[in-house]
Amino acid sequence: MKKIALGEQGLVVPVVGLGCMGMSEFYGKHNQKDNLTVLDRAVELGCTFWDSADMYGPFTNEELLGKALVGQRDKITLATKFGITRGKQGEWLGVNGHPDYVKASCEASLKRLNTDYIDIYYQHRIDPNVPIEDTVGAMGDLVKEGKVRYLGLSEADPEQIKRAHQVHPISALQTEYSLWSRDVEENILPTIRELGIGFVAYSPMGRGFLSGTINQRSDLQEGDWRLENPRFEQVAMQKNRVLLNTINNIAKNSEYTSAQISLAWLLSRGEDIGIIPGTKQIEYLEQNWLSQQVKLSKQELNSLNQLSDKHVIAGPRY
Ligand SMILES: NC(=O)c1ccc[n+]([C@@H]2O[C@H](COP(=O)([O-])OP(=O)(O)OC[C@H]3O[C@@H](n4cnc5c(N)ncnc54)[C@H](OP(=O)(O)O)[C@@H]3O)[C@@H](O)[C@H]2O)c1
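Residues numbered from 1 in each chain as written. Predicted model: local features only at pLDDT ≥ 70, side-chain atom pairs only at ≥ 80, totals over all residues.

### As for the nonpolar core
Soluble globular proteins: nonpolar side chains tend toward being buried together.
Here comes step 1: Ranked by size, the top nonpolar core spans 82 residues in total, and within it Y121 and L173 carry the most contacts.
Here comes step 2: If we skip the residues at most four places from it in the chain, L173 touches G152, L153, A156, I161, I188, I192, I197 and F199. (Core = buried A, V, L, I, M, F, W, Y, C linked by C-beta atoms within 7 Å. Buried ≥ 20, exposed ≤ 12 C-beta atoms within 10 Å, placed from the backbone. Contact = placed C-beta atoms within 7 Å.)

### Remarks on the sheet that holds strand 8 (residues 118-123)
Backbone hydrogen bonds are what pair the strands of a sheet, in a parallel or an antiparallel way.
Here comes step 1: The eight strands are arranged 3-4-5-8-9-10-11-12 in an open sheet whose pairing can be described as parallel. The open sheet terminates on both sides in strands that have one partner only, identified here as strand 3 (18-19) and strand 12 (273-275).
Here comes step 2: Bridge analysis of strand 5 (residues 77-82) against strand 8 gives four bridges, and the strand direction is parallel. Directly across from A79, in strand 8, lies its bridge partner I120. (Pairing = 2+ DSSP bridges. Helix = DSSP H or I, 4+ residues; strand = E, 2+ residues; numbered from the N terminus.)

### A closer look at the site of the ligand
Here comes step 1: As a matter of local geometry, the ligand sits amid 29 residues, with G19, M205, G208, S211 and G278 nearest to it.
Here comes step 2: For the shell around the ligand, the element with the highest residue contribution is helix 10 (residues 282-290), accounting for three residues.
Here comes step 3: Counted by class, the shell around the ligand contains ten nonpolar, 15 polar and four charged residues. (Near = placed C-beta within 6 Å. Nonpolar A, V, L, I, M, F, W, Y, C, P; charged D, E, K, R; others polar.)

### Observations concerning helix 3 (residues 99-113)
Here comes step 1: Over its 15 residues, helix 3 extends 21 Å from the first C-alpha to the last, a length consistent with the 21 Å expected when each residue adds 1.5 Å.
Here comes step 2: Along helix 3, the positions that sit buried rather than exposed are V102, S105, C106, S109, R112 and L113. For helix 3, the angular spread of the buried residues around the axis is 130°, confining them to a single face. Seen from the open side of helix 3, the exposed residues pointing more than 90 degrees away from its buried face are D100 and E107.
Here comes step 3: Where helix 3 ends, the next residue or the one after it, N114, has phi of about 60°, a positive value. (Expected span 1.5 Å × (residues − 1). Arc of directions from axis to C-beta.)

### Some thoughts on the pairing of strand 5
Here comes step 1: In terms of residue burial, strand 5 counts as a mostly covered element, since six of its six residues are buried.
Here comes step 2: Residues T77, A79 and K81 point to one face of strand 5 and L78, T80 and F82 to the other, with burial holding for every one of them.
Here comes step 3: Sheet analysis places strand 4 (residues 49-51) next to strand 5, joined by three bridges and oriented parallel. Bridge assignment links W50 to a residue of strand 5, and that residue is L78.
Here comes step 4: For the crossover that starts at strand 4, traverses helix 2 (residues 60-68) and ends in the parallel strand 5, the hand is right-handed. (Right-handed = clockwise from strand over helix to strand, strands pointing away.)

### Let's talk about the pairing of strand 1 (residues 3-6)
One face of the sheet, then the other: side chains in a regular strand alternate in exactly this way.
Here comes step 1: By the alternation rule, side chains of strand 1 split into I4 and L6, which are all buried, and K3 and A5, of which none is buried.
Here comes step 2: Between strand 1 and strand 2 (residues 11-14), which follow one another and run antiparallel, lie four residues, and G7 among them has a positive phi close to 75°.

### Topic: helix 9 (residues 258-267)
Here comes step 1: Counting buried positions along helix 9 yields ten of ten residues, so the element is predominantly enclosed.
Here comes step 2: Turning to helix 9, its buried residues are S258, A259, Q260, I261, S262, L263, A264, W265, L266 and L267.

### Some points on the environment of S262
Here comes step 1: Following the sequence through the fold, S262 ends up in helix 9.
Here comes step 2: S262 gets classed as buried once you count the C-beta atoms within 10 Å, which come to 30.
Here comes step 3: Between the alpha carbons of S262 and M205 there is a distance of 6.6 Å; along the sequence they are 57 residues apart.

### A look at unusual backbone geometry
Here comes step 1: Of note, the bond from G57 into P58 is cis; its omega dihedral lies within 30 degrees of zero at -10°.
Here comes step 2: Looking at the element boundaries, P58 is found in the loop between strand 4 and helix 2.
Here comes step 3: In this structure, E155 takes a positive phi of about 55° despite not being glycine.
Here comes step 4: The phi dihedral of R207 is positive, around 55°, even though this residue is not glycine.
Here comes step 5: Relative to the helices and strands, R207 resides in the loop between strand 11 (198-202) and helix 7 (234-239).
Here comes step 6: In this structure R207 comes out as buried when scored by C-beta crowding, with 25 C-beta atoms within 10 Å.

### Looking at the packing of helix 3 against helix 4 (residues 132-144)
Here comes step 1: Orientation of helix 3 relative to helix 4, taken along the N-to-C sense of each, is 35°, at an axis distance of 8 Å. In this structure, the crossing between helix 3 and helix 4 has a hand that is right-handed. Across the interface between the two elements, P99, V102, K103 and C106 of helix 3 pack against D134, T135, G137, A138, M139 and L142 of helix 4.
Here comes step 2: Of the residues contributing to the contact of helix 3 with helix 4, the split by class is six nonpolar, two polar and two charged. (Axes fitted to C-alpha atoms, helices over the stretch in contact; angles between N-to-C directions. Left-handed = near helix turned anticlockwise from the far one by under 90°.)

### Description of the packing of helix 4 against helix 5 (residues 158-167)
Here comes step 1: In contact at an axis separation of 9 Å, helix 4 and helix 5 are set at 40° when each is read in the N-to-C sense. In terms of orientation, helix 4 lies oblique with respect to helix 5. Seen from above, helix 4 lies across helix 5 with right-handed handedness. Here I132, E133, V136, G137 and G140 of helix 4 come into contact with helix 5, specifically with Q160, R163, A164 and V167.
Here comes step 2: Looking at the contact of helix 4 with helix 5, its residues break down into four nonpolar, three polar and two charged. (Parallel < 35°, antiparallel > 145°, perpendicular 65-115°, else oblique.)

Functional significance is not addressed by these values, which are geometric in nature.
Spelled out as C-alpha coordinates, the structure:
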(Lines give C-alpha, C1' and ligand atoms only; values in the text may rest on other atoms or scores of the structure.)
Protein backbone atom coordinates (compact mmCIF):
# COMPACT_ATOMS: atom_id res chain seq x y z
CA MET A 1 0.00 0.00 0.00
CA LYS A 2 1.33 3.37 -1.01
CA LYS A 3 1.13 6.34 1.35
CA ILE A 4 1.73 9.99 0.55
CA ALA A 5 2.43 13.10 2.55
CA LEU A 6 -0.21 15.78 2.21
CA GLY A 7 1.46 19.10 2.84
CA GLU A 8 4.45 19.67 5.08
CA GLN A 9 2.77 19.41 8.46
CA GLY A 10 3.20 15.65 8.91
CA LEU A 11 -0.08 14.35 7.49
CA VAL A 12 0.46 10.98 5.77
CA VAL A 13 -2.44 9.11 4.12
CA PRO A 14 -3.00 6.10 1.85
CA VAL A 15 -2.79 7.34 -1.76
CA VAL A 16 -6.17 5.73 -2.47
CA GLY A 17 -8.84 6.83 -0.02
CA LEU A 18 -12.60 6.38 0.04
CA GLY A 19 -15.15 9.04 -0.89
CA CYS A 20 -18.22 8.37 1.23
CA MET A 21 -20.64 10.93 -0.24
CA GLY A 22 -22.57 8.52 -2.47
CA MET A 23 -23.30 6.29 0.51
CA SER A 24 -25.81 8.88 1.69
CA GLU A 25 -26.94 10.96 -1.29
CA PHE A 26 -26.60 12.01 -4.93
CA TYR A 27 -25.79 8.74 -6.73
CA GLY A 28 -28.84 6.52 -6.51
CA LYS A 29 -30.10 4.11 -3.87
CA HIS A 30 -28.09 3.26 -0.77
CA ASN A 31 -28.59 1.50 2.52
CA GLN A 32 -26.80 1.68 5.83
CA LYS A 33 -26.16 -2.04 6.27
CA ASP A 34 -24.33 -2.33 2.94
CA ASN A 35 -22.47 0.92 3.58
CA LEU A 36 -21.16 -0.36 6.90
CA THR A 37 -19.99 -3.58 5.23
CA VAL A 38 -18.10 -1.56 2.60
CA LEU A 39 -16.52 0.62 5.29
CA ASP A 40 -15.41 -2.46 7.26
CA ARG A 41 -13.88 -3.97 4.12
CA ALA A 42 -12.08 -0.67 3.50
CA VAL A 43 -10.47 -0.95 6.94
CA GLU A 44 -9.38 -4.52 6.17
CA LEU A 45 -7.78 -3.39 2.91
CA GLY A 46 -6.00 -0.42 4.51
CA CYS A 47 -8.16 2.08 2.60
CA THR A 48 -8.41 4.20 5.71
CA PHE A 49 -8.53 7.77 4.38
CA TRP A 50 -12.26 8.54 4.51
CA ASP A 51 -13.92 11.61 3.11
CA SER A 52 -17.22 13.08 4.30
CA ALA A 53 -18.94 16.46 4.71
CA ASP A 54 -21.67 17.78 6.96
CA MET A 55 -23.82 18.54 3.90
CA TYR A 56 -23.84 14.96 2.56
CA GLY A 57 -27.21 13.54 3.37
CA PRO A 58 -27.48 16.23 4.69
CA PHE A 59 -25.85 15.28 7.99
CA THR A 60 -26.48 11.51 7.69
CA ASN A 61 -23.13 10.72 6.05
CA GLU A 62 -21.24 11.86 9.13
CA GLU A 63 -23.64 9.83 11.30
CA LEU A 64 -22.91 6.77 9.16
CA LEU A 65 -19.17 7.21 9.59
CA GLY A 66 -19.73 7.76 13.31
CA LYS A 67 -21.19 4.25 13.45
CA ALA A 68 -18.41 2.73 11.32
CA LEU A 69 -15.73 4.33 13.50
CA VAL A 70 -16.77 2.58 16.70
CA GLY A 71 -13.78 0.60 17.95
CA GLN A 72 -11.54 1.64 15.06
CA ARG A 73 -11.20 5.42 15.21
CA ASP A 74 -7.42 5.20 15.54
CA LYS A 75 -7.10 3.35 12.21
CA ILE A 76 -8.86 6.04 10.18
CA THR A 77 -7.72 9.39 8.78
CA LEU A 78 -11.04 11.18 8.87
CA ALA A 79 -11.76 14.17 6.68
CA THR A 80 -14.92 16.24 6.76
CA LYS A 81 -16.05 19.65 5.58
CA PHE A 82 -18.17 22.64 6.56
CA GLY A 83 -19.40 25.68 4.71
CA ILE A 84 -22.18 24.59 2.34
CA THR A 85 -25.28 25.04 4.42
CA ARG A 86 -28.42 22.99 4.04
CA GLY A 87 -31.62 22.64 5.97
CA LYS A 88 -32.97 19.42 7.44
CA GLN A 89 -35.12 18.81 4.33
CA GLY A 90 -32.01 19.10 2.17
CA GLU A 91 -32.72 22.62 0.93
CA TRP A 92 -29.66 24.65 -0.12
CA LEU A 93 -29.00 27.66 2.08
CA GLY A 94 -25.78 29.02 0.57
CA VAL A 95 -22.19 29.12 1.81
CA ASN A 96 -21.09 30.29 5.23
CA GLY A 97 -17.52 30.97 6.35
CA HIS A 98 -18.30 33.08 9.40
CA PRO A 99 -15.99 32.24 12.36
CA ASP A 100 -18.89 31.48 14.71
CA TYR A 101 -20.36 29.16 12.11
CA VAL A 102 -17.01 27.38 11.66
CA LYS A 103 -16.86 26.58 15.36
CA ALA A 104 -20.50 25.54 15.66
CA SER A 105 -20.18 23.33 12.56
CA CYS A 106 -17.14 21.59 13.97
CA GLU A 107 -18.92 20.83 17.27
CA ALA A 108 -21.89 19.41 15.38
CA SER A 109 -19.66 17.28 13.12
CA LEU A 110 -17.71 15.88 16.08
CA LYS A 111 -20.97 14.82 17.68
CA ARG A 112 -22.32 13.16 14.55
CA LEU A 113 -18.97 11.49 13.84
CA ASN A 114 -18.85 10.17 17.39
CA THR A 115 -15.27 11.34 17.87
CA ASP A 116 -13.34 14.08 19.65
CA TYR A 117 -11.08 15.01 16.74
CA ILE A 118 -11.21 15.42 12.97
CA ASP A 119 -8.01 14.67 11.05
CA ILE A 120 -8.61 17.07 8.14
CA TYR A 121 -11.18 19.84 8.37
CA TYR A 122 -11.92 21.43 4.99
CA GLN A 123 -13.70 24.64 4.13
CA HIS A 124 -16.02 23.15 1.49
CA ARG A 125 -16.58 26.36 -0.50
CA ILE A 126 -15.09 29.79 0.04
CA ASP A 127 -17.59 32.36 1.32
CA PRO A 128 -17.28 35.50 -0.84
CA ASN A 129 -18.73 37.60 1.97
CA VAL A 130 -16.26 36.61 4.69
CA PRO A 131 -12.51 37.31 4.36
CA ILE A 132 -10.77 33.95 4.13
CA GLU A 133 -8.38 35.14 6.85
CA ASP A 134 -11.30 35.22 9.31
CA THR A 135 -12.54 31.75 8.36
CA VAL A 136 -9.10 30.14 8.45
CA GLY A 137 -8.32 31.99 11.69
CA ALA A 138 -11.27 30.22 13.29
CA MET A 139 -10.19 26.89 11.76
CA GLY A 140 -6.71 27.47 13.24
CA ASP A 141 -8.30 27.94 16.68
CA LEU A 142 -9.83 24.47 16.30
CA VAL A 143 -6.34 23.06 15.72
CA LYS A 144 -5.08 24.79 18.88
CA GLU A 145 -8.00 23.31 20.82
CA GLY A 146 -7.13 19.80 19.57
CA LYS A 147 -10.47 19.33 17.80
CA VAL A 148 -8.86 19.31 14.36
CA ARG A 149 -5.41 18.07 13.31
CA TYR A 150 -4.91 19.53 9.83
CA LEU A 151 -6.63 22.12 7.66
CA GLY A 152 -7.86 21.91 4.09
CA LEU A 153 -9.70 23.95 1.50
CA SER A 154 -11.94 22.76 -1.32
CA GLU A 155 -12.33 24.47 -4.71
CA ALA A 156 -10.31 27.53 -3.66
CA ASP A 157 -8.48 29.65 -6.26
CA PRO A 158 -4.72 30.41 -6.12
CA GLU A 159 -5.20 33.80 -4.46
CA GLN A 160 -7.48 32.37 -1.76
CA ILE A 161 -5.08 29.47 -1.16
CA LYS A 162 -2.15 31.85 -0.67
CA ARG A 163 -4.08 34.11 1.70
CA ALA A 164 -5.34 31.16 3.74
CA HIS A 165 -1.90 29.56 3.96
CA GLN A 166 -0.49 32.75 5.49
CA VAL A 167 -2.95 32.57 8.37
CA HIS A 168 -2.47 28.86 9.14
CA PRO A 169 -0.64 26.16 7.17
CA ILE A 170 -3.00 24.41 4.77
CA SER A 171 -2.21 20.70 4.36
CA ALA A 172 -4.57 19.75 1.55
CA LEU A 173 -6.56 21.24 -1.27
CA GLN A 174 -9.47 19.09 -2.40
CA THR A 175 -10.74 19.83 -5.89
CA GLU A 176 -12.16 17.89 -8.82
CA TYR A 177 -9.48 16.27 -10.99
CA SER A 178 -9.79 13.45 -13.50
CA LEU A 179 -9.35 12.66 -17.15
CA TRP A 180 -12.34 14.87 -17.97
CA SER A 181 -11.62 17.66 -15.44
CA ARG A 182 -8.03 18.80 -15.87
CA ASP A 183 -8.40 22.54 -15.34
CA VAL A 184 -6.46 22.38 -12.02
CA GLU A 185 -3.29 21.67 -14.00
CA GLU A 186 -2.98 25.25 -15.23
CA ASN A 187 -2.89 27.36 -12.06
CA ILE A 188 -3.98 25.33 -9.04
CA LEU A 189 -1.39 22.54 -9.05
CA PRO A 190 1.56 24.94 -9.59
CA THR A 191 0.30 27.09 -6.68
CA ILE A 192 -0.03 24.27 -4.18
CA ARG A 193 3.29 22.77 -5.24
CA GLU A 194 4.99 26.11 -4.69
CA LEU A 195 3.44 26.34 -1.21
CA GLY A 196 3.99 22.68 -0.23
CA ILE A 197 0.30 21.82 0.02
CA GLY A 198 -1.00 18.35 -0.88
CA PHE A 199 -3.77 17.66 -3.38
CA VAL A 200 -6.80 15.41 -2.93
CA ALA A 201 -8.61 14.68 -6.19
CA TYR A 202 -12.37 14.42 -5.81
CA SER A 203 -14.67 12.75 -8.35
CA PRO A 204 -11.58 11.02 -9.79
CA MET A 205 -13.81 8.65 -11.77
CA GLY A 206 -15.73 11.52 -13.37
CA ARG A 207 -18.67 10.73 -11.05
CA GLY A 208 -18.70 7.22 -12.53
CA PHE A 209 -18.54 8.12 -16.24
CA LEU A 210 -14.84 7.25 -16.62
CA SER A 211 -15.49 3.69 -15.45
CA GLY A 212 -17.38 3.04 -18.68
CA THR A 213 -20.40 1.69 -16.80
CA ILE A 214 -22.69 4.69 -17.37
CA ASN A 215 -23.40 4.89 -21.06
CA GLN A 216 -26.80 6.49 -21.18
CA ARG A 217 -29.08 8.42 -18.89
CA SER A 218 -31.23 5.34 -18.34
CA ASP A 219 -28.22 3.74 -16.58
CA LEU A 220 -28.90 6.19 -13.73
CA GLN A 221 -31.68 5.64 -11.22
CA GLU A 222 -34.57 8.07 -10.88
CA GLY A 223 -33.62 10.94 -8.56
CA ASP A 224 -29.87 10.54 -9.20
CA TRP A 225 -28.29 14.00 -8.97
CA ARG A 226 -26.23 13.33 -12.11
CA LEU A 227 -29.40 13.52 -14.23
CA GLU A 228 -29.23 17.27 -13.54
CA ASN A 229 -25.49 17.55 -14.25
CA PRO A 230 -24.65 19.02 -17.70
CA ARG A 231 -22.07 16.30 -18.46
CA PHE A 232 -24.71 13.61 -18.07
CA GLU A 233 -27.07 15.13 -20.64
CA GLN A 234 -27.44 12.64 -23.48
CA VAL A 235 -25.67 14.79 -26.11
CA ALA A 236 -22.74 15.54 -23.78
CA MET A 237 -22.41 11.85 -22.91
CA GLN A 238 -22.29 10.95 -26.59
CA LYS A 239 -19.60 13.57 -27.28
CA ASN A 240 -17.52 12.51 -24.29
CA ARG A 241 -17.52 8.91 -25.43
CA VAL A 242 -14.35 9.68 -27.44
CA LEU A 243 -12.52 9.78 -24.14
CA LEU A 244 -14.20 6.62 -22.94
CA ASN A 245 -13.41 4.65 -26.08
CA THR A 246 -9.69 5.18 -25.53
CA ILE A 247 -9.90 4.19 -21.85
CA ASN A 248 -11.98 1.11 -22.72
CA ASN A 249 -9.51 0.06 -25.42
CA ILE A 250 -6.55 0.28 -23.05
CA ALA A 251 -8.52 -1.73 -20.50
CA LYS A 252 -9.50 -4.36 -23.06
CA ASN A 253 -5.85 -5.02 -23.86
CA SER A 254 -4.89 -5.34 -20.20
CA GLU A 255 -5.98 -7.20 -17.08
CA TYR A 256 -7.51 -4.03 -15.65
CA THR A 257 -10.92 -2.36 -15.78
CA SER A 258 -11.60 1.05 -17.32
CA ALA A 259 -12.14 2.37 -13.80
CA GLN A 260 -8.65 1.23 -12.79
CA ILE A 261 -7.09 2.73 -15.94
CA SER A 262 -8.76 6.10 -15.24
CA LEU A 263 -7.55 6.15 -11.63
CA ALA A 264 -4.05 4.96 -12.58
CA TRP A 265 -3.75 7.84 -15.06
CA LEU A 266 -4.61 10.27 -12.27
CA LEU A 267 -2.08 8.70 -9.91
CA SER A 268 0.55 9.11 -12.64
CA ARG A 269 0.15 12.90 -12.46
CA GLY A 270 2.22 13.37 -9.32
CA GLU A 271 3.54 11.88 -6.10
CA ASP A 272 1.64 14.55 -4.18
CA ILE A 273 -1.82 13.57 -5.44
CA GLY A 274 -4.19 11.45 -3.39
CA ILE A 275 -7.50 10.17 -4.76
CA ILE A 276 -10.81 9.46 -3.05
CA PRO A 277 -12.95 7.45 -5.46
CA GLY A 278 -16.47 7.05 -4.12
CA THR A 279 -18.34 3.79 -4.03
CA LYS A 280 -21.05 1.85 -2.25
CA GLN A 281 -19.89 -1.50 -3.58
CA ILE A 282 -17.21 -3.85 -2.26
CA GLU A 283 -16.28 -4.99 -5.77
CA TYR A 284 -15.60 -1.40 -6.86
CA LEU A 285 -13.79 -0.59 -3.62
CA GLU A 286 -11.40 -3.50 -4.19
CA GLN A 287 -10.84 -2.54 -7.82
CA ASN A 288 -10.17 1.08 -6.95
CA TRP A 289 -7.79 0.10 -4.18
CA LEU A 290 -5.77 -1.99 -6.64
CA SER A 291 -5.49 0.90 -9.11
CA GLN A 292 -2.33 1.90 -7.20
CA GLN A 293 -0.67 -1.23 -8.65
CA VAL A 294 -1.53 -0.53 -12.29
CA LYS A 295 1.47 0.33 -14.43
CA LEU A 296 0.56 2.21 -17.59
CA SER A 297 3.08 2.09 -20.43
CA LYS A 298 4.50 5.31 -21.87
CA GLN A 299 2.40 4.79 -24.95
CA GLU A 300 -0.80 4.33 -22.92
CA LEU A 301 -0.06 7.40 -20.84
CA ASN A 302 0.65 9.40 -23.99
CA SER A 303 -2.61 8.45 -25.61
CA LEU A 304 -4.57 9.33 -22.46
CA ASN A 305 -2.72 12.62 -22.02
CA GLN A 306 -3.07 13.64 -25.64
CA LEU A 307 -6.68 12.68 -25.75
CA SER A 308 -7.78 14.89 -22.93
CA ASP A 309 -5.40 17.64 -24.07
CA LYS A 310 -7.02 17.71 -27.48
CA HIS A 311 -10.58 16.71 -26.80
CA VAL A 312 -12.88 19.46 -25.60
CA ILE A 313 -15.10 18.01 -22.89
CA ALA A 314 -18.78 18.61 -23.49
CA GLY A 315 -20.61 20.23 -20.58
CA PRO A 316 -19.33 22.20 -17.58
CA ARG A 317 -18.42 20.35 -14.33
CA TYR A 318 -21.51 21.68 -12.55
N1 LIG B 1 -15.11 18.79 -2.25
C2 LIG B 1 -16.16 18.68 -3.03
O3 LIG B 1 -16.80 19.65 -3.39
C4 LIG B 1 -16.58 17.31 -3.49
C5 LIG B 1 -17.49 17.16 -4.55
C6 LIG B 1 -17.83 15.86 -4.96
C7 LIG B 1 -17.29 14.76 -4.32
N8 LIG B 1 -16.42 14.93 -3.28
C9 LIG B 1 -15.82 13.78 -2.58
O10 LIG B 1 -15.14 12.96 -3.52
C11 LIG B 1 -15.60 11.62 -3.42
C12 LIG B 1 -15.51 10.93 -4.77
O13 LIG B 1 -16.18 11.64 -5.77
P14 LIG B 1 -17.56 11.16 -6.40
O15 LIG B 1 -18.17 10.10 -5.55
O16 LIG B 1 -18.30 12.41 -6.69
O17 LIG B 1 -17.17 10.59 -7.83
P18 LIG B 1 -16.25 9.41 -8.38
O19 LIG B 1 -15.45 8.83 -7.31
O20 LIG B 1 -15.61 10.00 -9.56
O21 LIG B 1 -17.36 8.39 -8.90
C22 LIG B 1 -18.27 7.74 -8.07
C23 LIG B 1 -19.18 6.92 -8.96
O24 LIG B 1 -18.39 5.95 -9.65
C25 LIG B 1 -18.89 4.66 -9.42
N26 LIG B 1 -17.72 3.76 -9.27
C27 LIG B 1 -16.77 3.82 -8.32
N28 LIG B 1 -15.83 2.88 -8.52
C29 LIG B 1 -16.20 2.20 -9.64
C30 LIG B 1 -15.65 1.11 -10.35
N31 LIG B 1 -14.51 0.53 -9.95
N32 LIG B 1 -16.30 0.66 -11.45
C33 LIG B 1 -17.44 1.24 -11.87
N34 LIG B 1 -18.01 2.31 -11.23
C35 LIG B 1 -17.40 2.78 -10.12
C36 LIG B 1 -19.71 4.72 -8.14
O37 LIG B 1 -20.70 3.74 -8.21
P38 LIG B 1 -21.46 3.18 -6.90
O39 LIG B 1 -22.02 4.39 -6.22
O40 LIG B 1 -22.50 2.28 -7.47
O41 LIG B 1 -20.48 2.48 -6.08
C42 LIG B 1 -20.26 6.15 -8.22
O43 LIG B 1 -21.42 6.16 -9.00
C44 LIG B 1 -17.01 11.77 -2.87
O45 LIG B 1 -17.47 10.56 -2.28
C46 LIG B 1 -16.84 12.89 -1.89
O47 LIG B 1 -16.33 12.38 -0.67
C48 LIG B 1 -16.05 16.18 -2.87
